[in-house]
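Here is what each chain is made of, one letter per residue.
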Amino acid sequence: MPAYDLYIPTDLPDALSYLDDYGETTSVIARGTDLLPRIRRRQFPAVNLLDISGLEKELRYIRNEDGFFRVGALTRVADLLETPLLGKELELIREAGRKFGDPQIRNMATVGGNVCSASSSEDLIPVFLALDARVKLSSAKGDRSIHMKDFILGKRTVSRKNGEILSQVEFRSLPPNTGSGFEKMGRRNILIIALVNEALVLTMEDDRETIREARLALNRVAGRLPARASATEESLAGKRLIPETISAAQGTLARELALKTDFRASGDYRLEIAKVYLKRLLELCAFRIRGGN
Ligand SMILES: Cc1cc2nc3c(=O)[nH]c(=O)nc-3n(C[C@H](O)[C@H](O)[C@H](O)COP(=O)(O)OP(=O)(O)OC[C@H]3O[C@@H](n4cnc5c(N)ncnc54)[C@H](O)[C@@H]3O)c2cc1C
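To keep things clear, this report deals only with the structure shown in the data block. (Residues numbered from 1 in each chain as written. Predicted model: local features only at pLDDT ≥ 70, side-chain atom pairs only at ≥ 80, totals over all residues. Heavy atoms only, no water.)

### Observations concerning the site of the ligand
Around the ligand sit 31 residues, and of these Val28, Thr33, Gly101, Thr110 and Asp123 come closest. Contact distances for the ligand include 2.9 Å between an oxygen atom and a backbone N or O atom of Asp34. Contact between the ligand and Leu35: an oxygen atom at 2.8 Å from a main-chain N or O atom of the residue. Broken down by element, the shell around the ligand gets its largest block of residues, 5 residues, from helix 7 (residues 111-117). Counted by class, the shell around the ligand contains 14 nonpolar, 9 polar and 8 charged residues. (Near = heavy atom within 4 Å. Polar contact = N/O pair within 3.5 Å; in protein donor to acceptor, adjacent residues only side chain to side chain. Helix = DSSP H or I, 4+ residues; strand = E, 2+ residues; numbered from the N terminus. Nonpolar A, V, L, I, M, F, W, Y, C, P; charged D, E, K, R; others polar.)

Listed below in structure tokens is the structure:
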């Protein structure tokens with residue numbers, strides 16, 4: 001393992017002040033479940049590491065306040081599974097959490113680390129995209145907030161400046177008649193690297209037959225970029241949820257996705273899975289809205 005200089009801040013202002021001085025040559029490390037294997041494989045060029053894992057008092061929380069859910073960057077995947085704050089309409093978060101790694105990884109992996117890793121298989125990114133989340137970036141100069149869709153720029157590329165730490169993910173509480181779900185396909189049942197992951201937040205009109213809004217996100221919409229499938233979303237809005245609507249949406253999804261072939265699976269196979277998941281998620285969300293579990 002290569003040698004790195006490590007700075008352990010006493011609190012968040014100390015961390016931000018360190019990044020202000022040394023941000024250009026520093027990488028943030030949270031729990032290291034993504035970064036340490038990359039460092040060991042010598043895929044990581046940084047010269048300093050800023051270890052923020054001790055800042056849990058400031059950055060590990062889940063809050064439901066003023067119509068928003070706010071999740072601190074050091075919140076762990078296991079915390080998302082344990083909190084009583086996330087209601088039934090947010091089932092997609094629990095589903096992503098249950099399919100995430102194994103118990104050991106869930107107890108370590110942080111929300112901020114997952115979002116900042118921005119690889120095409122991270123599971124919380126489609127979840128937060130479907131929830132229309134914003135991320136808060138903190139620096140010594142203050143905070144700024146941007147949409148998750150603008151934060152993820154490409155594989156392992158995010159819109160974070162050198163002096164910034166991702167401090168929080170925030171999304172609005174969901175309206176009535178909303179259900180959600182998450183699906184993930186890998187090559188085994190635990191410790192799955194997603195071939196496809198797909199998250200849906202569905203809101204229906206009061207008749208619970210007509211779709212008001214569908215927010216659909218996948219880990220690979222255009223090439224390797226996790227994003228919302230906006231053409232498919234538009235094709236669903238205002239339609240009755242009947243088999244014809246679902247198969248038309250599957251056709252739109254097929255035209256919208258650009259799924260690549262790699263050593264894990266072919267693009268064609270991934271597309272078939274994405275279409276099956278769309279149908280499954282639409283039916284599951286409608287079932288949940290109508291009172292099922
Ligand atoms: C065995 C195994 C199984 C896994 N299974 C899954 C899985 O099922 N699903 C999945 O999505 N991922 C999985 N992962 C990947 C990894 O666990 C997650 O991405 C995790 O959420 C990363 O969190 P972390 O705190 O360990 O991040 P770290 O490894 O500490 O950091 C990851 C990246 O984010 C940056 N970073 C971290 N926190 C911040 C912050 N607050 N502000 C700015 N930058 C930050 C770091 O600089 C680094 O580039 C797995 C990893 C392993 C080793």
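### What about the environment of Ser266?
Looking at the secondary structure, you find Ser266 in the loop between helix 11 (243-256) and helix 12 (267-289). Linking Ser266 and Leu195, residues 71 residues apart in sequence, is a C-alpha distance of 9.4 Å. With residues near it in sequence (within four places) discarded, Ser266 still touches Lys260 and Thr261. (Contact = heavy atoms within 4.5 Å.)

### Concerning the nonpolar core
Of all hydrophobic cores here, the largest spans 39 residues; its most connected members are Leu92, Phe128 and Leu131. Take this core: its biggest share by element is 6 residues, from helix 8 (residues 124-130). Discounting chain neighbours no more than four positions away, the residues touching Leu131 are Leu90, Leu92, Ile93, Phe171, Leu174, Val201 and Arg215. Core analysis: the second largest hydrophobic core is formed by 28 residues, Val221, Ala229, Tyr277 and Cys285 among them. (Core = buried A, V, L, I, M, F, W, Y, C linked by side-chain atoms within 4.5 Å. Buried < 20%, exposed > 50% of the residue type's maximum accessible area, 1.4 Å probe, protein only.)

### Section: the sheet that holds strand 6 (residues 134-139)
Spatial ordering of the open sheet is given by 4-5-10-6-7, a layout of 5 strands whose pairing is antiparallel. Each edge of the open sheet carries a strand with a single partner, namely strand 4 (62-65) and strand 7 (142-147). When strand polarity is set aside, the average angle formed by the axes of neighbouring strands in this sheet is 25°. Bridging between strand 4 and strand 5 (residues 68-72) involves 4 bridges; their strand directions are antiparallel. Across the sheet, Glu65 pairs through a bridge with Phe68, a residue of strand 5. Helix-sheet contacts for helix 1 (residues 12-22) involve strand 6 and strand 10 (165-172), and the interaxial angle to strand 10 is about 120°. (Pairing = 2+ DSSP bridges. Axes fitted to C-alpha atoms, helices over the stretch in contact; angles between N-to-C directions.)

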